[in-house]
Amino acid sequence: GLSSHGIQWFPEVLTYNNLKQLKEDWKINVFRIAMYSDAYVANPDSIKQKLINTVNDCINLDMYVIIDWHILADNNPNTYYEQANTFFEEISSMYSNNPNVIYEICNEPNGNNITWNNEVKPYAEKIIPTIRKNSPKSLIIVGTPDWCKQLKPVADNPLEFKNIAYSCHFYSGTHGKELQDNIDYALNKNICIFVSECGLTDASGNGNKYFNEFDSWINFLNNKNISWIFWSFANKDESSSILSPNFPINDSNTNI
Ligand code: DCB
């Protein structure tokens, strides 16, 4: 699948026509909507409306759609816990029991003092019941510490809910065997891993493109039946964007 960039920055490319081409020509079957938590908190109504429009487009195209509460600069998922809880309460009652919709409750917890046991797991233990009350069987993806690379503490102390996947993110210019070993460690403990974001640049989302390293990552994931989503469907002037900066975003006849 593909991930949007922050929908507060690149909303224009998220049209029904573009999503349809991604499904029919690019053969994606899942689209991730990155809704940055700090942008949502600053401007909830308009950001949420853009998210809802895109979720509906993906459902109408019969794709999976991931609603990504994209924490990043806020490091700790508990920073905006109240807002996250209200958001997931509302959105999961709106899409109650819809099998297309997948919930990703915190993009990338990060920072040296943000641990699985003390910060991320307690957050997940509060948000998951909020979603499950409205939509008992929905798949929920939970972020892991250190920008979704620290899988061992998770595998040693997993959540006690069903239908949970844990996210692992890689950028092939920066991350390699060490992170793959973490995935193997988790799989050996029967932990479900979902690569809800990855790229072929370095971890900044810019710089050179590392195609060979990316291909070997995809072989690794395919061998283990792990789903992956590419960052990003945007026309930002950076090497992780799949559209060029001069992509004609306002032309509904454009072929991607
Ligand atoms: C993740 C974030 C995602 C970020 C990409 C590339 O961050 F989930 O939001 O996207 O990976 O860094 C970038 C955009 C830029 C934007 C920037 C800030 O491409 O256009 O300016 O977000 O919003 C990661 C992933 C891994 C690591 C670090 C970061 N890592 N990070 O392993 O160190 O620092 O954001």
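Structure report, in brief. (Residues numbered from 1 in each chain as written. Predicted model: local features only at pLDDT ≥ 70, side-chain atom pairs only at ≥ 80, totals over all residues. Heavy atoms only, no water.)

1. A look at the site of the ligand
Part 1 of the argument: Around the ligand sit 19 residues, and of these Tyr-36, Lys-149, Ala-203, Lys-236 and Glu-238 come closest.
Part 2 of the argument: Here an oxygen atom of the ligand sits 2.9 Å away from a polar atom, N or O, in the side chain of His-5.
Part 3 of the argument: A distance of 3.0 Å separates an oxygen atom of the ligand from a polar side-chain atom of His-175.
Part 4 of the argument: Protein coverage of the free-state accessible area of the ligand, which is 650 Å², stands at 79%.
Part 5 of the argument: Residue composition of the shell around the ligand, by class: 7 nonpolar, 7 polar and 5 charged. (Near = heavy atom within 4 Å. Polar contact = N/O pair within 3.5 Å; in protein donor to acceptor, adjacent residues only side chain to side chain. Areas by Shrake-Rupley, 256 points an atom, 1.4 Å probe, with all protein chains shown as cover. Nonpolar A, V, L, I, M, F, W, Y, C, P; charged D, E, K, R; others polar.)

2. Regarding unusual backbone geometry
Part 1 of the argument: The omega angle of the peptide bond from Trp-231 to Ser-232 is 5°, so this bond is cis rather than trans.
Part 2 of the argument: Note that Ser-232 resides in strand 8 (residues 228-233).
Part 3 of the argument: We note that Lys-27 has phi near 65°; this positive angle belongs to a residue other than glycine.
Part 4 of the argument: Mapped onto the secondary structure, Lys-27 falls in the loop between helix 1 (16-24) and strand 2 (30-36).
Part 5 of the argument: Notably, Cys-148 is not glycine yet its phi reads approximately 65°, a positive angle. (Helix = DSSP H or I, 4+ residues; strand = E, 2+ residues; numbered from the N terminus.)

3. Things to note about the packing of aromatic side chains
Part 1 of the argument: Applying the stated rule across the entire model yields 15 aromatic pairs.
Part 2 of the argument: Aromatic pair Phe-31 and Phe-233: ring centres 6.3 Å apart, planes at 80°, arrangement edge-to-face. One end of the pair, Phe-31, is in strand 2; the other, Phe-233, is in strand 8, and 202 residues separate them in sequence.
Part 3 of the argument: Among the residues examined, Phe-31 registers a relative accessible area of 0% and is labelled buried.
Part 4 of the argument: Looking at Phe-233, the relative accessible area reads 0%, which means it is buried. (Phe/Tyr/Trp six-rings, centres within 6.5 Å; stacked < 30°, edge-to-face > 60°. Buried < 20%, exposed > 50% of the residue type's maximum accessible area, 1.4 Å probe, protein only.)

4. Some words on helix 4 (residues 81-94)
Part 1 of the argument: Here helix 4 is 14 residues long and its end C-alpha atoms lie 20 Å apart, about the 20 Å a rise of 1.5 Å per residue gives.
Part 2 of the argument: What helix 4 keeps buried is the set Tyr-81, Ala-84, Asn-85, Phe-87, Phe-88, Ile-91 and Ser-92. Down the axis of helix 4, the buried side of the element spans an arc of 165°, and every buried residue falls inside it.
Part 3 of the argument: Close packing links the buried residues of helix 4 with strand 2, helix 2 (37-42), helix 3 (44-60), strand 3 (64-70), strand 4 (101-104) and helix 5 (116-134). (Expected span 1.5 Å × (residues − 1). Arc of directions from axis to C-beta. Contact = heavy atoms within 4.5 Å.)

5. A look at the nonpolar core
Part 1 of the argument: Ranked by internal contacts, the top residues of the largest apolar core, which has 74 residues, are Phe-31, Leu-51, Phe-88, Ile-105 and Val-142.
Part 2 of the argument: Considering every element that reaches this core, the biggest residue donor is helix 5, with 7 residues.
Part 3 of the argument: Counting residues in each nonpolar core, the second largest holds 7 residues, with Ile-66, Ile-102, Ile-141 and Ile-229 among its members. (Core = buried A, V, L, I, M, F, W, Y, C linked by side-chain atoms within 4.5 Å.)

6. So, the pattern of salt bridges
Part 1 of the argument: According to the stated counting rule, one finds 11 salt bridges in the structure shown.
Part 2 of the argument: Note that Asp-156 is salt-bridged to Lys-189, the shortest N-O span being 2.9 Å. With a gap of 33 residues between them, Asp-156 in helix 7 (residues 152-156) and Lys-189 in the loop between helix 8 (177-188) and strand 7 (193-199) connect regions that are remote in the sequence.
Part 3 of the argument: Assessed through its relative accessible area of 46%, Asp-156 is described here as partly exposed.
Part 4 of the argument: Judged by relative accessible area, Lys-189 falls into the partly exposed class, the value being 40%.
Part 5 of the argument: Among the ionic pairs, Asp-184 bridges to Lys-224, the shortest N-O distance being 2.7 Å. Placement of Asp-184 in helix 8 and of Lys-224 in the loop between helix 9 (211-223) and strand 8 is noted, with a sequence separation of 40 residues between them.
Part 6 of the argument: Each of Arg-32, Asp-68, Glu-104 and Glu-197 takes part in one network of salt bridges that share partners. (Salt bridge = Lys/Arg side-chain N within 4 Å of Asp/Glu carboxyl O.)

The quantities given are spatial measurements derived from coordinates; they are silent on function.
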